[in-house]
Amino acid sequence: MKVVHKAEANMENHVTQISREDLEDLREAFNKIDIDNSGFVSDFELQELFREASFSLPGYKVREIMETFIAGDTNKDEKISFEEFVSIYQELKSKEFSETFRKTISRRDGIRSFGGTSGNSSEGTQHSYSDEEKVAFVNWINKALAKDPDCQHLLPMNPNDESLFASVRDGILLCKMINLSQPNTIDERVINTKKLTTFTMTENLVLALNSASAIGCMVVSIDAHDLMAGKPHLVLGLFWQIIKVGLFADIEVSRNEDLIGLLSDKEHLDHLMSLSPEDLLLRWVNHHLRNAGTSTIGNFSEDIKDSRAYFHLLDQIALQGERDYKMNIKIDMSGLQERNLDRRAELMLQQAARMDCRQFVSPHDVTSGNSKLNLAFVANLYNMHPGVQKGQINGSSVNSIDLAHIEPETNEEKTFRNWMNSLGVSPHVNHLYWDLCDGLVIMQLYEKVNVPVNWKKVNQPPYPVLGTNMKKLENCNYAVELGRDVAHFSLVGIGGENLNQGSRIHTLALVWQLMRRYTVLVLSDLGDGEKVGDQIILGWVNTTLSQKRKDTQISSFKDKLISTSLPVIDLIDAIAPGNVKWDMVKRGEKGWMKEADKHNNAMYAISLARKIGARVYALPDDLVEVNPKMVLTLFASLMGHSMKKANR
């Protein structure tokens, strides 16, 4: 299969017809991966490019394509232009994948197109966005931030115009939405709110993007210039990720033990804990529908179009609320008699409004089965009125369940999980251990740190009915082999079975080494980053502090002085002068500092680091408690930022 420089020839010979619409979708996917606007993507980015084009190919298939491509590549640069990518697409489409390689976004009412000619192609680039999503997000933001004094120049926005896209320009709204979804992610003292200029607005946007990444949003294809330009598809995509983080924050068994009430007969608690928030929400709805004596649903699209499930769900929540906390609302079920589905949906939403839960969906969103917005509607409903009978599993007591088995997520686990999700791994990691037990996410992380994976050796889902766990175990064995023999990680006493069984200590040991490798990669042009050891980073920190006449030297990444965050703040001042507002910094007295002041400094330091452009995943508690692993990543990120700045 020769796939190079054939795009025009194939189009002329009609080997495979590509519609203008398909070409636009391919260009959109290509531009998202080509983040430096070079007009090319590298060989290792091809799988991500396919995924962006809504065509997820197994890794081994991508390898086969690349082997063929390189063999026929006349210039031998192993880089793929858009035209070459189109050729690959044509070849695949003419074969067995012809029915699967399609953009999943349908061109229907409510989808708007915009765009123009790209600098890299005369074909031009068009993007689409959903009017329904724009309206839903505007209404949510208007309500959530209505009383925020820093947003009064923007709110309320008009859901019927383009004001949402202009609202992100100064970065303030994005920062506020991030804190709404994950409180205290951003120290709001760091946000520029007065006398805004292009420079200070850009600082806010950099702060927002780095903070969004820290809470698990994928922002690799977005920069401050995109947001300042108000590109609708990027703005909506980022808002959805941020809103989703907040909606799903408490839909987890370890954070809400009442969810144990959703255990089915003879189901093990581990299985319930491994479910995604989407799966838990579906189970929650069906729990109430069974109590109502009506049929259950299997999705938030087709099965909710007639509003019947929602009427019964609201009724059950109201009944539970009356029993548990004297909520005096009786749902009017007469709307079920309405034959017109749009009017019935409106009557249902009027009942939801009585519970202060009319958010995200319009009647049309219900009757058209908009799965994203209906998921958001149900998640908000759950957060407002969970309505699971406490201490009961199908009418039986939960005393037989070992609640000690439910361990809350640690800060370190949360950081690792957010880091993985920000890189765009698939599937999304909801539970650090259960979602890694088939090895697939680990393989993707290896590729992120330049450890080659032979995808022909990896078992891909769907797994066979018999032998599923064996296939997953084989993947985990291969993951350990790669870590030990190729990445040269320290994996003494760690086997594939440890990862497969979700062993906390063994999984953390591997994940930490992956994150460390990812962090120090930015410090070295040597390729693997392994040669940039802790002492080099430590030496850079102290040398930089000395050169700027700072007295906060540290002896190691365990130095107790780090608990004050003063070395971090001094370092930020050294590499980005003028950013620290010293009246915000607590110094303590005679070397002693209150715990509250330590937290105050840590919040300020981490937000400052993100504002100047460092991609920091560490949390304030990591500084206060002097977690040496996360302290290392913080200093390494600052070092990387300083080196990039010096090389510009």
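Residues numbered from 1 in each chain as written. Predicted model: local features only at pLDDT ≥ 70, side-chain atom pairs only at ≥ 80, totals over all residues. Heavy atoms only, no water.

Quick notes on the overall build of the chain
Then, number 1: The secondary structure content of the chain amounts to 27 helices and 6 strands.
Then, number 2: Looking at the chain as a whole, 55% of its 648 residues are labelled buried.
Then, number 3: Of all intrachain contacts in the chain linking residues separated by at least 6 positions in sequence, the fraction that spans at least 24 positions is 61%.
Then, number 4: In the structure as shown, the chain presents an accessible area of about 29200 Å², 49% of it carried by carbon and sulfur atoms. (Helix = DSSP H or I, 4+ residues; strand = E, 2+ residues; numbered from the N terminus. Buried < 20%, exposed > 50% of the residue type's maximum accessible area, 1.4 Å probe, protein only. Contact = heavy atoms within 4.5 Å. Areas by Shrake-Rupley, 256 points an atom, 1.4 Å probe, with all protein chains shown as cover.)

Description of helix H25 (residues 595-611)
Then, number 1: Helix length check: H25 (17 residues) gives 24 Å between terminal C-alpha atoms against 24 Å at 1.5 Å per residue, within 8%.
Then, number 2: For H25, the buried fraction is high: 13 of the 17 residues fall into the buried class.
Then, number 3: Immediately downstream of H25, the backbone of Gly613 shows phi near 120°, a positive value. (Expected span 1.5 Å × (residues − 1).)

Observations regarding the nonpolar core
Then, number 1: The biggest cluster of nonpolar side chains holds 176 residues, and the ones touching the most others in it are Trp284 and Tyr446.
Then, number 2: Here this core takes 11 residues from helix H11 (residues 232-248), the largest share from any one element.
Then, number 3: Once you skip the residues sitting within four places of it in the chain, Tyr446 turns out to touch Val451, Val453, Ala479, Leu482, Gly483, Ala487, Phe489, Leu510 and Leu514.
Then, number 4: Membership of the second largest hydrophobic core comes to 20 residues, among which are Met66, Phe82, Val86 and Leu92. (Core = buried A, V, L, I, M, F, W, Y, C linked by side-chain atoms within 4.5 Å.)

Some thoughts on the packing of aromatic side chains
Then, number 1: Applying the stated criterion to the full structure yields 7 aromatic pairs.
Then, number 2: Summarising the aromatic geometry, the rings of Trp284 and Tyr382 are spaced 5.3 Å apart at their centres and angled 90° between planes, so their arrangement reads as edge-to-face. Taken together, the residues span a long stretch of sequence, with Trp284 in helix H13 (residues 277-291) and Tyr382 in helix H17 (residues 371-384) at a distance of 98 residues. With respect to class, Trp284 is no different from Tyr382; both count as buried. (Phe/Tyr/Trp six-rings, centres within 6.5 Å; stacked < 30°, edge-to-face > 60°.)

A few points about the confidence of the model for the chain
Then, number 1: When pLDDT is averaged along the chain, the result is 85, and 83% of the positions lie at 70 or above.
Then, number 2: For the stretch residues 116-124, pLDDT sits under 50, and the model shows 15 contacts to residues farther than four places along the chain or on other chains.
Then, number 3: Low pLDDT, under 50, characterises residues 393-397; the stretch is placed with 12 contacts to residues that sit more than four places away or in other chains. (pLDDT = per-residue confidence, 0-100.)

Examining the environment of Lys598
Then, number 1: Here Lys598 is to be found in helix H25.
Then, number 2: Residues Lys598 and Ser565 lie 33 residues apart in sequence; the distance between their C-alpha atoms is 7.0 Å.
Then, number 3: Those residues within four positions of Lys598 in sequence are excluded, and the remaining contacts are Ser563, Thr564, Ser565, Met593 and Val624.

Here we look at the pattern of salt bridges
Opposite charge on two side chains allows them to pair when their charged atoms are near.
Then, number 1: One pass over the full model with this rule turns up 23 salt bridges.
Then, number 2: A salt bridge links Glu188 to Lys176, with the shortest nitrogen-to-oxygen separation between them at 2.6 Å. With Glu188 in the loop between helix H8 (172-181) and helix H9 (198-214) and Lys176 in helix H8, the pair connects residues that are 12 residues apart, well separated along the chain.
Then, number 3: What makes Glu188 partly exposed here is its relative accessible area of 36%.
Then, number 4: Each of Asp148, Asp150, Lys176 and Glu188 takes part in a single network of salt bridges with overlapping partners. (Salt bridge = Lys/Arg side-chain N within 4 Å of Asp/Glu carboxyl O.)

Quick notes on the side chain of Lys611
Then, number 1: Counting through the fold element by element, Lys611 comes out in helix H25.
Then, number 2: Residue classification places Lys611 among the buried positions, given a relative accessible area of 6%.
Then, number 3: In terms of polar contacts, Lys611 uses its side chain to reach the backbone carbonyl oxygen of Val190, at 2.8 Å.
Then, number 4: Ignoring anything within four residues of it in the chain, the contact list for Lys611 reads Val190, Asn192, Glu203, Val206 and Leu207. (Polar contact = N/O pair within 3.5 Å; in protein donor to acceptor, adjacent residues only side chain to side chain.)

A closer look at the environment of Phe489
Then, number 1: As for its placement among the helices and strands, Phe489 is situated in the loop between helix H20 (468-486) and helix H21 (496-500).
Then, number 2: For Phe489, a relative accessible area of 9% puts it in the buried group.
Then, number 3: Taking the C-alpha atoms as reference points, Phe489 and Leu510, separated by 21 residues in sequence, lie 7.8 Å from one another.
Then, number 4: Not counting residues within four places of it along the chain, the set of residues in contact with Phe489 comprises Tyr446, Gly483, Arg484, Leu510, Gln513, Leu514 and Arg517.

Side note on the environment of Gly171
Then, number 1: Here Gly171 shows up in the loop between helix H7 (163-167) and H8.
Then, number 2: Judged by its relative accessible area of 0%, Gly171 falls in the buried class.
Then, number 3: Put simply, Gly171 and Leu207 are 36 residues apart on the chain and 8.2 Å apart in space, counted from C-alpha to C-alpha.
Then, number 4: Among all residues touching Gly171, those that are not within four sequence positions of it are Asn204 and Leu205.

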